[in-house]
Amino acid sequence: MEIFQNTTTTLLPEAKLASPEIRGYDRKPMSLERDALEYHSRDPKGKIEVISTKPCFTARDLTLAYSPGVAIPCNKIAED
């Protein structure tokens, strides 16, 4: 998977910004208020998504992923 980088942000290809026409912006002068309201009203709601890389369906899965389970590999790394 190709990743695009600039000095402050890493973006996956699908996160690249589209042209103003594709985003649905008109050619009116920029309005921070209007543009911010439009940006935050688009689907999907929210701006950040977290996807589990491991199965996380049960209380046992959560125990392995977080406390106390996460401490075991952390301690092994610290010993190394």
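Parameters and conventions
Residues numbered from 1 in each chain as written. Predicted model: local features only at pLDDT ≥ 70, side-chain atom pairs only at ≥ 80, totals over all residues. Heavy atoms only, no water. Helix = DSSP H or I, 4+ residues; strand = E, 2+ residues; numbered from the N terminus. Buried < 20%, exposed > 50% of the residue type's maximum accessible area, 1.4 Å probe, protein only. Areas by Shrake-Rupley, 256 points an atom, 1.4 Å probe, with all protein chains shown as cover. Salt bridge = Lys/Arg side-chain N within 4 Å of Asp/Glu carboxyl O. pLDDT = per-residue confidence, 0-100. Contact = heavy atoms within 4.5 Å.

Colleague: Please explain the overall build of the chain as it appears in this structure.
Modeller: Secondary structure assignment for the chain yields four helices and two strands. When the helices and strands of the chain are listed from N to C terminus, the series reads β-β-α-α-α-α. Across the 80 residues that make up the chain, the buried fraction comes to 4%. Surface accessibility of the chain: about 7,800 Å² in total, with carbon and sulfur atoms responsible for 61%.

Colleague: It is not clear to me how the pattern of salt bridges should be interpreted in this structure. Could you clarify?
Modeller: Side-chain pairs of opposite charge can arise whenever the charged atoms involved come near each other. In this structure the tally under the stated criterion is two salt bridges. Put simply, arginine 34 and aspartate 35 hold a salt bridge, and the shortest N to O gap is 3.3 Å. Across the salt bridge formed by glutamate 38 and arginine 42, the nearest N and O atoms sit 3.1 Å from each other. Accessibility expressed as a relative area gives 30% for arginine 42, which makes it partly exposed.

Colleague: What am I meant to see in unusual backbone geometry here?
Modeller: Leaving glycine aside, a negative phi is the common case for residues, and trans is the common case for peptide bonds. Omega for the bond connecting aspartate 43 with proline 44 falls within 30 degrees of zero, at -5°, which places this linkage in the cis form. Locating proline 44 in the fold gives a position in the loop between helix H2 (32-41) and helix H3 (59-65). With omega at 0°, the peptide bond leading from serine 67 into proline 68 counts as cis. Following the sequence through the fold, proline 68 ends up in the loop between H3 and helix H4 (71-79).

Colleague: Would you mind going over the confidence of the model for the chain with me for this structure?
Modeller: Detailed reading of the predicted coordinates is not advisable wherever pLDDT falls low. Across the chain, the average pLDDT comes to 75, with 64% of residues at 70 or higher. Ranking the elements of the chain by mean pLDDT puts strand E1 (residues 4-5) last, at 46, and H4 first, at 91. Across residues 1-7 the pLDDT falls below 50, and counting only partners more than four positions away or on other chains, this stretch makes twelve contacts in the model.

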